[in-house]
Amino acid sequence: MNRTWKSLQYLFFDILASYGVWMIFFLMRRYVFESDTFSYSDKKFYDQFISAGIISGYWILLYALSGLYSDPYRKSRLKETVTVARTTLLGVLIIFFLIFLDDPIPNSTSYRFYIYYFLLQFAAISFFHFVISTITNIRIRQRRIGFPTLILGCGPAALEIFDDLESRRRSMGFLFKGFLSLPGTEENLFYGKLKHFGTTERLHEVIRNRGIEEVIIALEKGNKDRLIEVVELLEG
């Protein structure tokens, strides 16, 4: 999975949404609420194209700092919506105190503009993020994309977990690449199903070389000492 490409998708639509929202906001404020007459010779109208670009960059920076682009394939839509709401509220507050308070328009009206702008920005960003995240989740469930996964263990417990995850109609995102066995283990129930990468002693090497993102520990009961060793290897 190309995380950079997915992050760029979010980035592109956030720029598009932020640019459009600012232009809509300006048009509503100037030609609807202030009842100005629109004219193609109005320099302030054309100045807003530059302002919208600057504002879009401001929003991208703010959303990036909030972590919206950090892991595009592991997004909770509810958590993401809350983050967008929080960040947008903070961003509009900053704009309000930097720009709107110097406005000649009465403060009560400025507060209304602040609310309108927040609602527009939040709705636009949330919509695009929801659509992109939904499409991504559908592709994961359909097994069209997934997270490279390694199983530690090759006994009945490991096979049961593998068969259970693979037989589900909706994938949980695990894309199995192979397995590692414990040193001294001869049993291999994954023969013909998964590639054997060696023993757990090669754990870090396999994770690095195979681009593994998920590790499932599936050791048999009674391997408590081995389990502790594997956990220490993963943490090391």
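Residues numbered from 1 in each chain as written. Predicted model: local features only at pLDDT ≥ 70, side-chain atom pairs only at ≥ 80, totals over all residues. Heavy atoms only, no water.

(A) Structural context of the overall build of the protein chain. Scanning the protein chain from terminus to terminus reveals seven helices and four strands. In the protein chain, the succession of α and β elements from N to C terminus is α-α-α-α-β-α-β-β-α-β-α. Taken across its 236 residues, the protein chain has 39% of its residues classed as buried. Surface accessibility of the protein chain: about 13,800 Å² in total, with carbon and sulfur atoms responsible for 61%. (Helix = DSSP H or I, 4+ residues; strand = E, 2+ residues; numbered from the N terminus. Buried < 20%, exposed > 50% of the residue type's maximum accessible area, 1.4 Å probe, protein only. Areas by Shrake-Rupley, 256 points an atom, 1.4 Å probe, with all protein chains shown as cover.)

(B) Region of the structure containing a negative patch on the surface. On the surface, a cluster of negative charge is contributed by D225, E229, E232 and E235. You can see E232 is positioned in helix α7 (residues 224-235). (Patch = residues over 30% accessible without salt bridge, like charges linked within 9 Å, V, L, I, M, F, W, Y side chains within 5 Å. Salt bridge = Lys/Arg side-chain N within 4 Å of Asp/Glu carboxyl O. Lys, Arg positive; Asp, Glu negative; His and termini not counted. Charge placed at Lys NZ, Arg CZ, Asp CG, Glu CD.)

(C) Region of interest: the pairing of strand β1 (residues 147-152). In terms of residue burial, β1 counts as a mostly covered element, since six of its six residues are buried. Across six bridges, β1 lies against strand β2 (residues 174-181) in parallel orientation. Within β2, the position partnered with L150 by the bridge is G178. As for the winding sense of the linkage, the β-α-β connection from β1 through helix α5 (residues 156-167) to β2 is right-handed. Pairing analysis gives four bridges linking β1 to strand β4 (residues 214-217), with the strands arranged parallel. Bridge pairing in β4 links L150 to V215. (Pairing = 2+ DSSP bridges. Right-handed = clockwise from strand over helix to strand, strands pointing away.)

(D) Expanded view of the sheet that holds β2. The parallel open sheet is built from four strands, whose spatial order is β3-β2-β1-β4. Edge positions in the open sheet fall to β3 (196-199) and β4, since each of these has one partner strand only. Along the sheet, successive strands turn relative to each other by an average axial angle of 30°, direction set aside. (Axes fitted to C-alpha atoms, helices over the stretch in contact; angles between N-to-C directions.)

(E) Region of the structure containing unusual backbone geometry. Non-glycine residue R143 carries a positive phi angle of around 65°. Tracing the chain through its elements places R143 in the loop between α4 (107-141) and β1.

(F) Representation of the pattern of salt bridges in the model. As enumerated under the stated definition, the model contains nine salt bridges in all. One salt bridge in this structure joins D71 and R74, with 3.7 Å as the shortest N-O distance. Using a relative accessible area of 27% as the deciding quantity, one classes D71 as partly exposed. The partly exposed category is assigned to R74, whose relative accessible area is 35%. In this structure, K193 and D163 form a salt bridge, with 3.6 Å as the shortest nitrogen-oxygen distance. Within this pair, whereas K193 is found in the loop between β2 and β3, its partner D163 is found in helix α5, the two being separated by 30 residues in sequence. Judged by relative accessible area, K193 falls into the partly exposed class, the value being 45%. Salt bridges sharing common partners tie together R3, D71, R74, E213 and E214.

(G) Just the packing of aromatic side chains, in detail. Inspection of the entire model under this criterion finds 16 aromatic pairs. On the numbers, 4.9 Å between centres and 45° between planes, the contact of F25 with Y117 is tilted. Placement of F25 in helix α1 (residues 3-33) and of Y117 in helix α4 is noted, with a sequence separation of 92 residues between them. For F25, a relative accessible area of 4% corresponds to the buried category. (Phe/Tyr/Trp six-rings, centres within 6.5 Å; stacked < 30°, edge-to-face > 60°.)

(H) Molecular detail of α5. Spanning twelve residues, α5 covers 16 Å between terminal C-alpha atoms, matching the ideal 16 Å at 1.5 Å per step. For α5, the set of buried residues is A158, L159, F162 and L165. Viewed along the axis of α5, the buried residues span an arc of 135°, placing them on a single side of the element. In α5, those exposed residues whose orientation departs by more than 90 degrees from the buried face are E160 and S167. (Expected span 1.5 Å × (residues − 1). Arc of directions from axis to C-beta.)

(I) Fine view of the side chain of T88. Summarising the element assignment, T88 is placed in helix α3 (residues 77-98). Judged by relative accessible area, which is 0%, T88 ranks as buried. With near-sequence residues (within four places) excluded, T88 lies in contact with W59, Y63, F118, Q121 and F122. (Contact = heavy atoms within 4.5 Å.)

(J) Spatial organisation of a nonpolar patch on the surface. Together, L90, I94, L98 and I99 make up a nonpolar patch on the protein surface, roughly 360 Å² of accessible area in all. Secondary-structure assignment places I99 in the loop between α3 and α4. Taking the relative accessible area as the measure of exposure, I99 reaches 40% and is therefore partly exposed.

Geometry only, nothing functional implied.
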